[in-house]
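In case you want the letters, here they are:
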Amino acid sequence: MRQKAGTMHFDLLLHDCRLPDGTLADLGCRDGRVVAVGDLAGQPAERTLRCEGRVVTPGLVESHIHLDKALLSDRTPSAEGTLQEAIRITGGAKRRFTVEDIRVRARTVLDMAVRHGTTAMRSHVEVDPIVELRGLEALLPLKAEYAPALDLQLCAFAQEGVFRMPGTEQLLGEALRRGADLIGGCPYTDADGHAQIDVIFRLARDFGADADFHVDFFDEPEHLHLRYIIEQTTRWGWQGRVAVGHCTELGALPPTDLAPIAAGLKEAGIGVITLPATDLYLMGRKDTHRIRRGLAPVKRLRDAGVNVVAATNNVRNAFTPVGNANLLLMGFLLTVGAHMGTDRERREVLDMLTVDPARLLRLPACGPAPGLQADLVVWDATRLDDLVAGQAAPWVVVKRGRVTVEHERTAREPWRLASAN
Ligand SMILES: [Zn+2]
């Protein structure tokens, strides 16, 4: 039943949308927020869009991507397809990165993401003696440039390790001083992973920054650095401020061994980011038969109350040779790769691309409900299930109540005319 709302002048009025709960309503946005939901027909607005029953959802949130090393496939031909090779040959390509080169590739990926309905993003940016601060220098101005369409967080990331590459720690500090939003570690690249985790937490505390680790990214549970990260998160009082990506080693644990780690992650408020394109591509490479999927145990962790979200990670480089920064595609991979096909699970997959990563990035709540920030996507689909299952396309993308992208699609089908003649 539609309710008649009071008269108000809106910046944007989305008429006749299908809300995520299945009801039809009009959405009124003003000053960056959704301020009215109900029957708003005929109310004054700067702009009114007739959505004709199209589905509206919160904007997509990309919680883990690498803008600085995207679109390198033509420079980094991969032969083995292993993680070690990807790090090695991408490290080689990185020596030749210039600020302009990084910026051009990053803009290409940002444009793709915005057109696909992404309204917020966390990108890692490598900081080490190889590339020094060129990645940060390239990406920092893009925060302001893309602000009307997308909130961009930059994570100063020690891909090469901290002790293996002396000088990295000082550069990470410098990156945080110059405007990186948070700090990222990769403990499996140092001989002493715990010592690296200590350095990252010390920098996080010194700069009051959140931390985000690439962690336990192997087939077998040979590191389980997560246990130490959980301990340190609590010790430093950084609960709710730590994220961890990959965590594929957890997939090899029997339930009894996973349970205490899952409980620790939940207790410490650590968000887990599964990266299905990369993890499905790089894991299981040594398996000669019964080749494993190599994903974090998404369902078991979510059942334990952990905030598990899905993200893109790499776009067309040695870590992931395919990609177009379309998060719905990650939802598709997750559905089949992590066995998330029931009605409830398919809804969860959509949450893992929208509201759950927004919480992980500690962004203001957004979506089609009164009082929330008006970061929205109106889809070219009339059923919520069409989004991931049918890989629907966005129709209109909205950031803080302003239309940022409008898609027009037409398909002519001359074959029909030919067969009629
Ligand atoms: Zn990554």
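Presented here is an overview of the structure given in this document. (Residues numbered from 1 in each chain as written. Predicted model: local features only at pLDDT ≥ 70, side-chain atom pairs only at ≥ 80, totals over all residues. Heavy atoms only, no water.)

1. Quick notes on the coordination of the zinc ion
In the first shell of the zinc ion, the protein supplies His 64 (NE2), His 66 (NE2), His 214 (NE2) and Asn 313 (OD1), at 2.1 to 2.2 Å from the metal. Around the zinc ion, the 4 donor atoms sit at angles spanning 85 to 173 degrees, and that spread fits a shape best called irregular. For the zinc ion, the single-chain donor residues occur in sequence as H-x1-H-x147-H-x98-N. Taken together, the residues His 66 in the loop between β6 (60-65) and α1 (83-94) and Asn 313 in the loop between β13 (308-310) and α10 (327-337) connect sequence positions 247 residues apart. For the pair formed by His 66 and Asn 313, the shared burial category is buried. (Donors = N, O, S within 2.8 Å, 3.2 Å for Na, K, Ca; no water. Tetrahedral: all angles 85-135°; square planar, octahedral: opposite > 155°, others 65-115°. Helix = DSSP H or I, 4+ residues; strand = E, 2+ residues; numbered from the N terminus. Buried < 20%, exposed > 50% of the residue type's maximum accessible area, 1.4 Å probe, protein only.)

2. As for unusual backbone geometry
Phi at Arg 362 is positive, roughly 55 degrees, even though this residue is not glycine. You will see that Gln 391, though not glycine, has its phi angle at about 50 degrees, which is positive. Note that Gln 391 resides in the loop between α13 (386-389) and β15 (394-399). For Gln 391, a relative accessible area of 27% translates into the label partly exposed.

3. Details of the pattern of salt bridges
A full pass over the atoms with the stated rule returns 37 salt bridges. One salt bridge connects Arg 122 with Asp 212, and the closest N-O pair in it is separated by 2.7 Å. Of this pair, Arg 122 sits in strand β7 (residues 118-126) while Asp 212 is found in strand β10 (residues 211-215), placing the two residues 90 residues apart along the sequence. A relative accessible area of 2% means that Arg 122 is categorised as buried. Between Asp 356 and Arg 359 there is a salt bridge; the shortest N-O distance is 3.0 Å. With Asp 356 and Arg 359 both in helix α12 (residues 355-360), this residue pair falls 3 residues apart, about one helical turn. You can call Arg 359 exposed: its relative accessible area is 52%. (Salt bridge = Lys/Arg side-chain N within 4 Å of Asp/Glu carboxyl O.)

4. A word on the packing of aromatic side chains
The final tally for this structure, using the stated rule, is 3 aromatic pairs. Ring geometry for Tyr 188 against Phe 218: centres 5.6 Å apart, planes inclined by 85 degrees, an arrangement best described as edge-to-face. Taken together, the residues span a long stretch of sequence, with Tyr 188 in the loop between β9 (182-185) and α5 (193-207) and Phe 218 in the loop between β10 and α6 (226-235) at a distance of 30 residues. A relative accessible area of 11% places Tyr 188 in the buried class. For Phe 218, a relative accessible area of 17% translates into the label buried. Aromatic pair Phe 201 and Phe 213: ring centres 5.8 Å apart, planes at 35 degrees, arrangement tilted. Separated by 12 residues along the polypeptide, Phe 201 in helix α5 and Phe 213 in strand β10 bring together distant segments of the chain. Across the pair, Phe 213 and Phe 201 agree in class, each one buried. (Phe/Tyr/Trp six-rings, centres within 6.5 Å; stacked < 30°, edge-to-face > 60°.)

5. Some points on α10
For α10, the set of buried residues is Leu 327, Leu 328, Met 330, Gly 331, Leu 334, Thr 335 and Gly 337. Near the N-terminus of α10, the side chain that reaches the backbone nitrogen of Leu 328, with its oxygen 3.1 Å away, is that of Asn 326. Positive phi shows up at His 339, right after α10, with a value of about 60 degrees. (Polar contact = N/O pair within 3.5 Å; in protein donor to acceptor, adjacent residues only side chain to side chain.)

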